[in-house]
Every structure is written in structure tokens, then in C-alpha cells.
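Next come the chains, spelled out residue by residue.
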Amino acid sequence: MAAPAATHPATRVPWRIRVHNIECCNCHQACGCQFGEGPTRGPCEATIGYEVIEGRFGDVSLDGARFVIAFHYPGAIHLGGGRVVLFVDERLRPEQVEGIVGIVSGRHGGMPWEALAGTVASFTGPVPVPIEMTVDGTHSSFRVPGHVEAVFTPIKDVVSGKDKEIRLIYPKGGFFWNEGDICTTSTMWVKHPDVAFRHGNGYACHAITSWTNQ
């Protein structure tokens, strides 16, 4: 599937969504995107799992929907050239899949996806798959059998060895989320013809966030 077009439908479908955002990338545990820098380990390679707490795309309920994105950028995201793959839960109804694609592609407007659409060179999906997901803060995980696996674990204190609680807060609002609990990954890999990588012991975060085009 080609990259999402910059143009939008004549009538934008109103949407709103509140999700668990479970993200991880190949950066060091202090991700450069969060601190005004570029990727700390070369390209930007990441995967993010989503579980919808509540949401609607027009008249379609998205409550409980799960989807996963995986992407590779040659440098910082805002410089473009991204390859993106969208996996959607195979149990979703066609109209729910249409809603998720409409949101993530940026076609119906709304931040952050409208801005991200301009950075994407290729967009593959939706790919219907079974999605396994555990939402548990810094112990979260998600898996697309044969394609994606990410397992979160808390960062350990170097002196005591105990779990560290680290929260990053954007007082005036962030791009993806406003408050996130920072952790790391014991496992993180993606295997797909368009995006493939394997990393670990890098940046990870769980956040609850809301987006809308209204």
C-alpha cells in the first residue's frame, strides 16, 4: 500500500480515541525524541502497541480494539523517509479496521497522525493478525506471532537493584502523550518484508493518551 496521501476526504469523519500507548524503540533508555535530539543509535526503529480504552470513528465504536505499528526511519522522524507497517487485530469488524486506518493514516486529520503522515514514504497495511497484549504499565507486553514481540521491564537502580519509577511529564502537553512511565525492553523485534529489526535494553514507555480531530 502506498504512503498515506496528504489530501483528505471531502468530508472528514469525526473521531476521538483514548488508548493505552505501549511504545519502544532502539534508542538508549533516554530517547532522543523526548529531549530535542535525534536517534541515539543511528536510525529510528520502533514498534508501538495500542489498546483502545474508548473511542469512536463516526458512529463506529472502537472500544477494546487493538493494533500495532512498526516503523523504520533512516534518521529523526521529522526528516521523513519512514517505512510503516500497520497490524490490526484479526477479530475487528471491517468498519473498525476502516476507522483505525482512517486515524493512523492521518487522512481524516487530527494530531499527531496528520503531522506524521507527511513523514511516511511507504505504508503497508492493514495486516490482519492475532494480537496478544498485556497492559500493565512498565510490565506491559505485546506480540504478533511471527512478526512482532515487545516485552517491557522496569529500569533497575544501579545501587539497590530495585525497580525504578520514572515518569516523564510534559506540563504543556506532549506530541504523543502528556505523561509517560519510562522503562526498558527485555525483548523487542519486528520481522516483516518492509520493516525488520531486533533490539533490546532500550527506551520503552507506557502512557494513556487521547487524540481527536475535533
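Here the residue index of a chain counts from 1 through its sequence in written order. For a predicted model such as this one, the threshold for reporting local features is a pLDDT of at least 70, and the threshold for listing and counting side-chain atom pairs is 80 or more; totals across whole chains, interfaces and linings nevertheless cover every residue. Values reported for side chains reflect all heavy atoms of the structure, with hydrogen atoms and water molecules removed beforehand.

Asker: Whenever I open this one, the nonpolar core confuses me. Can you help?
Answerer: Grouped burial of nonpolar side chains is what soluble globular proteins tend to show. Note on terminology: a nonpolar core comprises buried Ala, Val, Leu, Ile, Met, Phe, Trp, Tyr and Cys residues joined through side-chain atoms within 4.5 Å. Only protein chains enter the accessibility calculation, which uses a 1.4 Å probe. A residue is then buried if its area is under 20% of the maximum for its type, exposed if over 50%, and partly exposed in between. Membership of the largest hydrophobic core comes to 42 residues, with the highest contact counts inside it found for Tyr 50, Phe 71, Ile 100 and Trp 113. Helix and strand assignments come from DSSP, with helices taken as H or I runs of at least 4 residues and strands as E runs of at least 2, each series counted from the N terminus. At the level of secondary structure, the elements contributing two or more residues to this core comprise strand E1 (15-25), strand E2 (44-57), strand E4 (66-73), strand E5 (82-89), helix H1 (94-104), helix H2 (113-117), strand E6 (120-129) and strand E13 (203-212). It is E2 that provides the largest number of residues to this core, a total of six residues. Each residue touching Ile 100, except ones within four places of it in the same chain, is listed here: Leu 62, Ala 65, Phe 67, Leu 86, Val 88 and Leu 92. One finds Val 85, Ile 131, Phe 197 and Ala 204 within the second-largest nonpolar core, a separate group that totals 21 residues. Contacts were defined at the residue level, with two residues in contact if any of their heavy atoms lie within 4.5 Å.

Asker: Before we go on, may I ask you to explain the environment of Cys 205 in this structure?
Answerer: With respect to the secondary-structure elements, Cys 205 resides in strand E13. Exposure remark for Cys 205: the relative accessible area of 0% places this residue in the buried category. Residues Cys 205 and Ser 61 lie 144 residues apart in sequence; the distance between their C-alpha atoms is 26 Å. Other than its neighbours up to four places away in sequence, Cys 205 contacts Asn 21, Ile 22, Glu 23, Phe 152, Trp 177, Gly 180, Asp 181, Ile 182 and Cys 183.

Asker: Looking at this structure, how should I read the side chain of Ser 140?
Answerer: Looking at the secondary structure, you find Ser 140 in the loop between strand E7 (132-134) and strand E8 (141-144). Within polar-contact distance, the side chain of Ser 140 engages the backbone nitrogen of Asp 136 at 2.8 Å. Polar contacts, as counted here, are pairs of nitrogen or oxygen atoms within 3.5 Å of one another; within protein the pair requires one atom able to donate a hydrogen and one able to accept it, and residues that are adjacent in sequence qualify only if both atoms are side-chain atoms. Of note is the side chain of Ser 140, whose polar atom sits 2.7 Å from the backbone oxygen of Gly 137. In contact with Ser 140, not counting residues within four places along its chain, are Ile 22, Thr 134, Val 135, Ala 150, Val 151, Phe 152 and His 206.

Asker: Hey, could you run me through H1 in this one?
Answerer: Along an α-helix, residues three or four positions apart point the same way, because every turn accommodates 3.6 residues. With eight of its 11 residues buried, H1 lies for the most part within the structure. Buried within H1 are the following residues: Gln 96, Val 97, Gly 99, Ile 100, Val 101, Gly 102, Ile 103 and Val 104. Phi turns positive one or two residues past the end of H1, at Gly 106, with a value near 80 degrees.

Asker: Sorry if this is basic, but what is going on with unusual backbone geometry here?
Answerer: The phi torsion of most residues other than glycine is negative, and most of the peptide bonds are trans. With an omega of 5 degrees, the peptide bond between Met 111 and Pro 112 qualifies as cis. For Pro 112, the position within the fold is in the loop between H1 and H2. Pro 126 follows Gly 125 through a cis peptide bond whose omega is 10 degrees. With a phi angle near 55 degrees, Asn 201 is a residue other than glycine that sits in the positive phi range. Its location among the elements puts Asn 201 in the loop between strand E12 (196-199) and E13. When its relative accessible area of 49% is taken as the criterion, Asn 201 is described as partly exposed.

Asker: What am I meant to see in the pattern of salt bridges here?
Answerer: Side-chain pairs of opposite charge can arise where the charged atoms are in close proximity. Note on definitions: salt bridges are taken to be side-chain nitrogens of Lys or Arg within 4 Å of carboxyl oxygens of Asp or Glu. Tallying each qualifying case throughout the model produces nine salt bridges. Where Glu 132 meets Arg 143, a salt bridge forms, and the shortest distance between an N and an O atom there is 3.1 Å. Within this pair, whereas Glu 132 is found in strand E7, its partner Arg 143 is found in strand E8, the two being separated by 11 residues in sequence. Its relative accessible area of 40% is what places Glu 132 among the partly exposed residues. Its salt-bridge partner being Asp 163, residue Lys 156 comes within 2.4 Å of it at the nearest N-O pair. Take Lys 156: its relative accessible area is 44%, and that puts it in the partly exposed class.

Asker: What exactly am I supposed to notice about the pairing of E8 here?
Answerer: Every regular strand shows the same layout, with side chains that alternate between the two sheet faces. A pair of strands counts as paired when DSSP detects no fewer than two bridges linking them. For E7 and E8, the ladder comprises three bridges, and the chain directions are antiparallel. Its bridge partner being in E8, Thr 134 is matched across the sheet by Ser 141. Between E7 and E8, which pair antiparallel and follow one another directly, the connecting turn spans six residues, one of which, Gly 137, has a positive phi of 55 degrees. Where E8 and strand E9 (residues 148-153) come together, four bridges link them in antiparallel fashion. Each bridged residue has a counterpart across the sheet, and for Phe 142 the counterpart in E9 is Ala 150.

Asker: Just checking my understanding: could you explain the packing of aromatic side chains for this structure?
Answerer: The relation between two aromatic rings is expressed through the spacing of the ring centres and the mutual angle of the planes. Only rings of Phe, Tyr and Trp enter the pairing, Trp through its six-membered ring, and a pair is recorded when the two centres are within 6.5 Å. The plane angle decides the type: under 30 degrees is stacked, over 60 is edge-to-face, the rest tilted. Counted under the stated rule, the structure contains nine aromatic pairs. Summarising the aromatic geometry, the rings of Trp 113 and Phe 176 are spaced 5.7 Å apart at their centres and angled 85 degrees between planes, so their arrangement reads as edge-to-face. Linking Trp 113 in helix H2 with Phe 176 in the loop between strand E10 (166-169) and strand E11 (179-191), this pair joins segments that are 63 residues apart in sequence. With a centroid separation of 6.1 Å and 70 degrees between ring planes, the pair formed by Phe 176 and Trp 211 is classed as edge-to-face. Taken as a pair, Phe 176 in the loop between E10 and E11 and Trp 211 in strand E13 lie far apart in primary sequence, 35 residues in all. Each of the two residues, Phe 176 as well as Trp 211, counts as buried. Here the aromatic residues Tyr 50, Phe 67, Trp 113, Phe 175, Phe 176 and Trp 211 are joined through ring pairs into a cluster of three or more.

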